[in-house]
Amino acid sequence: MEKSKVLIVGGTGYLGKRLVKASLANGNKTYILRRPEIGVDIEKVEMLISFKMQGAHLISASLNDHRSLVDAVKLVDVVICAISGVHIRSHHILLQLKLVDAIKEAGNIKRFLPSEFGTDPARMENSMEPGRVTFDDKMVVRKAIEETHIPYTYISANCFAGYFLGGLYQIGHILPSTDSVVLFGDGNQKAICVDEDDIATYTIKSIDDPRTLNKTLYIRPPKNILSQREVVHIWENFIGKEIKKSTLSKEEFLAPMKELEYAEQVGMCHYYHVCYEGCLVNFEIGEEGEEASKLYPEVNYTTAQDYMKRYV
């Protein structure tokens, strides 16, 4: 079967650059949207040039220029969007409505993968303010996709390993301490952490797979479904000592939120649902979804244990 031509929007971002590499490695003809908004960000320009030298095609277009966007979309079969939805960086989820309009007009796209890659927003209708804005915005985009009958795959990749494993699940930490850790509640609530390169690999595998058409792909590598205590234990084994543990109740976690900047409040809410409520693991995947490691057992995913070796 001939592999799809892929357009990646947000190809210089944290996950986007990995999607470009995975697409090229898979042999897909890969296009990257080169937006004029990049300005003189030399690091992003150098990244784009590097991808070009590896065989990617750079397409000049802007989310604010409908005609250029339609022309870009007409070149490919699949569109993957990886623009940021994280408030502490930049929250651009609703910009995708312009992409939906372009895909609708172009009329040739076999699959659209919007920027999701985290908690499944369809299961977060009862999430707290102000964190729910992320999920609400993603659902607005989903509604637009489904109302215009654009074929889709939604990717629920759970927690990025770099942010969660590196900090032993602690908010605001991305390197593990050799001295102490604060446990959320009793530290036994399970979460799911996935290597960012594996997220990209599974995503690219899904784009031509009829089993993932108009479904959500949940990335749940079995060995990476771990509680905070289990992650801390892995770390303690690596460093050969036990670290000091303190606990933070739900009430203590939420108490200082109102004093924080809006973007930090949003992030705190997301951590709360993951680490106190277990929102990533408190449901079974139904008929509307598929699990990536079951669909693609050939992918030798990075276990949490192996991922954490980099910090020793």
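Everything here concerns the structure above.
Below is a short write-up of the structure. Remember, predicted model here, so these are calculated numbers, not experimental data.

### As for the nonpolar core
By size, the foremost hydrophobic cluster in this structure holds 66 residues, and its most contacted members are Ile80 and Leu165. The dominant element in this core, judged by the number of residues it contributes, is helix α10 (residues 262-275), at six residues. Apart from the residues within four sequence positions on either side, Ile80 is in contact with Val6, Leu7, Ile8, Val9, Leu19, Leu113, Phe117, Thr203, Ile204 and Ile207. Grouped together as the second largest cluster of nonpolar side chains are 29 residues, Tyr31, Leu33, Ile59 and Ala61 included.

### A word on the pattern of salt bridges
A complete count under the given rule lists 18 salt bridges for this structure. When the shortest N-O distance is used, the salt bridge between Arg18 and Asp197 registers 3.2 Å. Of the two residues, Arg18 sits in helix α1 (residues 16-25) while Asp197 sits in helix α7 (residues 196-206), which places them 179 residues apart along the sequence. When its relative accessible area of 42% is taken as the criterion, Asp197 is described as partly exposed. As a salt-bridge pair, Asp195 and Arg310 come within 3.9 Å of each other at their nearest N and O atoms.

### Thoughts on helix α2 (residues 42-53)
The first and last C-alpha atoms of α2 sit 16 Å apart over 12 residues, in line with the 16 Å expected at 1.5 Å per residue. Positive backbone phi, approximately 115°, marks Gly55, located one or two places after α2.

### Things to note about the sheet that holds strand β15 (residues 289-291)
One open sheet holds the three strands; their spatial order is β8-β12-β15, and the pairing between them is parallel. The open sheet has two edge strands with one neighbour each: β8 (153-156) and β15. Neighbour-to-neighbour, the strand axes of the sheet open up by a mean angle of 25°, direction not taken into account.

### Focus on unusual backbone geometry
In this chain, Glu129 is followed by Pro130 through a cis amide linkage whose omega measures -5°. In this fold, Pro130 is placed in the loop between β7 (111-113) and α5 (132-147). Positive phi, close to 65°, is recorded for Phe117, a residue that is not glycine. Looking at the element boundaries, Phe117 is found in the loop between β7 and α5. By relative accessible area, Phe117 is classed as buried at 3%.

### Observations concerning the sheet that holds strand β3 (residues 57-60)
Taken together, five strands build an open sheet; the order of strands is β3-β2-β1-β4-β7 and the sheet is parallel. Each edge of the open sheet is held by one strand with a lone partner, namely β3 and β7. Going from strand to strand, the sheet's axes swing by 20° on average, the running direction of each strand aside. Relative to strand β2 (residues 30-34), strand β1 (residues 6-9) runs parallel, the two sharing three bridges. Residue pairing for β2: Ile8 is matched across the bridge by Ile32.

What counts, and where the lines are drawn
- Residues numbered from 1 in each chain as written.
- Predicted model: local features only at pLDDT ≥ 70, side-chain atom pairs only at ≥ 80, totals over all residues.
- Heavy atoms only, no water.
- Core = buried A, V, L, I, M, F, W, Y, C linked by side-chain atoms within 4.5 Å.
- Buried < 20%, exposed > 50% of the residue type's maximum accessible area, 1.4 Å probe, protein only.
- Helix = DSSP H or I, 4+ residues; strand = E, 2+ residues; numbered from the N terminus.
- Contact = heavy atoms within 4.5 Å.
- Salt bridge = Lys/Arg side-chain N within 4 Å of Asp/Glu carboxyl O.
- Expected span 1.5 Å × (residues − 1).
- Pairing = 2+ DSSP bridges.
- Axes fitted to C-alpha atoms, helices over the stretch in contact; angles between N-to-C directions.

Scope: geometric values only; no functional claims are made or implied.
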